[in-house]
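Remarks on the overall topology
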Amino acid sequence: MAKTKPYEISKTVVWEAYKRVKANKGAAGIDDETIAGFEVKLKSNLYKIWNRMSSGSYFPPPVKAVEIPKKNGGVRILGVPTVADRIAQMTVKMHFEPLVEPYFLQDSYGYRPNKSAIDAIAITRKRCWKYNWVLEFDIKGLFDNIDHELLMKAVCKHTDCKWIIKYIERWLKAPFQTKEGNILERTAGTPQGGVISPVLANLFLHYVFDKWMAINYPNNPWARYADDGITHCKTKKEAESLLERLKTRFEECKLQLHPEKTKIIYCKDDDRRETHEEIKFDFLGYTFRPRRSKNKFGKYFVNFTPAVSNSAMKAMRKEIHNWRMHLKPDKELIDLSNMFNPIVRGWINYYGRFYKSGLYSVMRHMNNALIHWARRKYKKLERHRARAEKWLGRIAKREPKLFKHWQMGILPTAE
């Protein structure tokens with residue numbers, strides 16, 4: 001008679017987990033195995049994961065530590081699990097996420113099904129019109145500092161499934177391996193880059209912040225996306241009092257607010273007469289600040305509203321530069337469209353949602369890169385920038401669908 005496994009895990013779920021991991025792509029872990037490499041022995045590899053997980057003998061390998069530069073300097077350590085480990089984590093996530101998701105609050109937006117950063121921007125924009133003051137907070141090194149004991153307490157509150165608890169504990173303890181091969185033990189945190197990490201971070205902050213705010217400050221709306229958060233206040237005094245309470249709350253839960261990135265902002269506009277040193281803040285790639293706007297009657301007024309941030313524009317310009325289009329004279333314009341238009345479309349869909357004109361300078365930068373390419377490709381345009389611009393402008397008028405920003409009307413000059 002066949003021995004039954006201690007844990008009942010469906011092979012179908014492991015297969016579905018593999019499909020999701022494949023769709024998400026991602027880099028190789030410490031074993032340097034890519035998804036394509038994993039698929040060479042797909043059935044055998046998936047069977048091994050299922051067999052070990054259902055028998056309780058699955059132990060995650062160390063996580064590959066990869067340094068990612070931050071926009072404002074410094075580096076963030078990203079933990080990249082192996083392909084097999086990502087599939088194992090996805091298997092647990094598919095069981096665990098539906099258990100906690102119904103408890104999460106409306107205004108937690110990060111890494112959640114049917115929620116987006118744009119939703120968080122939209123609601124924050126509306127609330128800035130209703131509330132004069134904002135407390136912007138950022139948690140220092142959230143993914144590195146989550147307390148394991150407190151987190152496991154929260155996990156066990158939502159499931160008594162032994163294998164889910166066992167494997168989450170093992171992933172929390174899995175060490176980092178540096179590029180030099182050094183093993184770094186971990187006593188806190190959940191690696192940024194792990195499949196299970198976002199749902200664990202959301203669960204932790206659900207109890208640390210979201211639920212705490214709902215109980216203690218029901219009249220102060222907030223929006224949180226992972227470790228970035230905004231709360232709205234009626235007065236400066238209210239915001240200062242909330243800041244002190246929040247500092248204490250996070251310290252109780254063994255986390256710290258980032259001193260430079262946590263601040264109180266006055267949402268200045270035409271109707272608000274107070275003064276304050278801070279009248280702008282960044283949230284999810286947008287800068288909220290007073291801007292000149294036009295109402296439906298054509299009258300101008302100062303409105304507190306979001307537009308693409310300078311740091312996001314700088315990152316986009318840098319990416320366009322890194323494409324080195326002028327070094328691709330062997331390509332046709334349609335090739336460049338196929339290569340880069342999906343990215344440009346993504347930028348416009350995200351950063352062009354509010355105050356679209358803020359994005360125009362980046363799109364003109366894109367046109368300049370295309371003009372540079374044209375001058376390298378065609379001898380007759382090499383020494384004549386104006387001629388190259390007119391040539392590209394005529395194409396843009398004739399075929400605006402080649403690039404998304406051309407459809408917006410940001411064309412090279414065709415006259």
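The structure we're discussing is the one just above.
Notes on the structure follow. It should be emphasised that the depicted structure is a prediction, and the values quoted were computed from it without experimental measurement. (Residues numbered from 1 in each chain as written. Predicted model: local features only at pLDDT ≥ 70, side-chain atom pairs only at ≥ 80, totals over all residues. Heavy atoms only, no water.)

Let us look at the side chain of T287. On the secondary structure map, T287 appears in strand β10 (residues 286–294). Leave out the neighbours within four places in its chain, and T287 touches K280, F281, D282, T305, P306, A307, V308, S309 and N310. (Helix = DSSP H or I, 4+ residues; strand = E, 2+ residues; numbered from the N terminus. Contact = heavy atoms within 4.5 Å.)

The next subject is the pairing of β10. One ladder, built from 3 bridges, connects strand β9 (residues 281–283) with β10; its direction is antiparallel. The residue bridging F283 from the neighbouring strand is Y286, located in β10. Taking the residues between adjacent antiparallel strands as the criterion, β9 and β10 are bridged by 2 residues, where L284 takes a positive phi near 55°. Sheet analysis places β10 next to strand β11 (residues 300–308), joined by 9 bridges and oriented antiparallel. Residue pairing in the sheet places R289 in a bridge with T305 of β11. Linking β10 back to β11 in an antiparallel pair, the connection comprises 5 residues, with G298 at a positive phi of about 85°. (Pairing = 2+ DSSP bridges.)

So, about the environment of F38. Inspection of the secondary structure puts F38 in helix α2 (residues 35–39). On the accessibility criterion, F38 (1% relative accessible area) is buried. Once the C-alpha coordinates of F38 and V83 are considered, the two residues, 45 residues apart in sequence, prove to be 7.3 Å apart. (Buried < 20%, exposed > 50% of the residue type's maximum accessible area, 1.4 Å probe, protein only.)

We now examine the nonpolar core. Within the largest apolar cluster, 67 residues are counted, with the highest numbers of intra-cluster contacts made by I87 and F250. When residues in this core are grouped by element, the largest group, 10 residues, is from helix α9 (residues 197–216). Counting 51 residues, the second largest nonpolar core, distinct from the first, contains C267, V362, A369 and I410. (Core = buried A, V, L, I, M, F, W, Y, C linked by side-chain atoms within 4.5 Å.)

Another point: the pattern of salt bridges. The tally for this structure, following the rule as stated, stands at 15 salt bridges. Two residues, D210 and R224, come together in a salt bridge whose shortest N-O distance is 2.8 Å. One end of the pair, D210, is in helix α9; the other, R224, is in strand β6 (residues 222–225), and 14 residues separate them in sequence. Note on D210: relative accessible area 0%, which makes it buried. The closest approach of N and O atoms between E244 and K247, which form a salt bridge, is 3.6 Å. Here E244 and its partner K247 are both found in helix α10 (residues 236–252), 3 residues apart, which amounts to about one turn of the helix. For K247, a relative accessible area of 36% translates into the label partly exposed. The network of salt bridges with common partners includes E16, K19 and R20. (Salt bridge = Lys/Arg side-chain N within 4 Å of Asp/Glu carboxyl O.)

Here A174 shows up in the loop between α8 (162–173) and β4 (176–177). Exposure remark for A174: the relative accessible area of 4% places this residue in the buried category. Each C-alpha atom, one on A174 and one on N219, is 41 Å from the other, the two residues being 45 residues apart in sequence. Beyond its immediate stretch of four places on either side in the chain, A174 contacts P60, P61, V63 and R186.

Another point: the sheet that holds β10. With antiparallel pairing, 3 strands are arranged side by side in an open sheet as β9-β10-β11. The open sheet is flanked by β9 and β11, the only strands paired with a single partner. Ignoring strand direction, the axes of neighbouring strands in this sheet form an average angle of 50°. (Axes fitted to C-alpha atoms, helices over the stretch in contact; angles between N-to-C directions.)

Quick look at the packing of aromatic side chains now. A complete count under the given rule lists 23 aromatic pairs for this structure. With a centroid separation of 4.8 Å and an interplanar angle of 90°, the aromatic rings of Y350 and Y351 are classed as edge-to-face. For Y351, a relative accessible area of 14% gives the class buried. Grouped by ring-pair contacts, the aromatic residues F137, F209, W222 and F250 constitute a single cluster. Positioned above the aromatic ring of F59 is the side chain of R170, whose terminal nitrogen or guanidinium carbon lies 3.7 Å from the ring centre. The ring of Y131 carries the charged tip of K234 above its face, separated from the ring centre by 4.2 Å. (Phe/Tyr/Trp six-rings, centres within 6.5 Å; stacked < 30°, edge-to-face > 60°. Lys NZ or Arg CZ within 6 Å of the ring centre and 35° of its normal.)

On to the pairing of strand β7 (residues 228–233). Burial runs high along β7: 5 of the 6 residues are buried. Bridging between strand β3 (residues 133–138) and β7 involves 6 bridges; their strand directions are antiparallel. Opposite F137, over in β7, you have G229 as the bridge partner. Following β6, the chain reverses through 2 residues before pairing antiparallel with β7; A226 in that reversal takes a positive phi of roughly 55°.

Bringing the sheet that holds strand β2 (residues 75–80) into the picture now. Spatially, the 4 strands line up as an open sheet ordered β2-β1-β4-β5, and their pairing is mixed. Two strands in the sheet have a free side with no partner beyond their single neighbour: β2 and β5 (183–184). In terms of strand pairing, β4 meets β5 through 2 bridges, oriented antiparallel. Its bridge partner lying in β5, Q177 is registered against I183.

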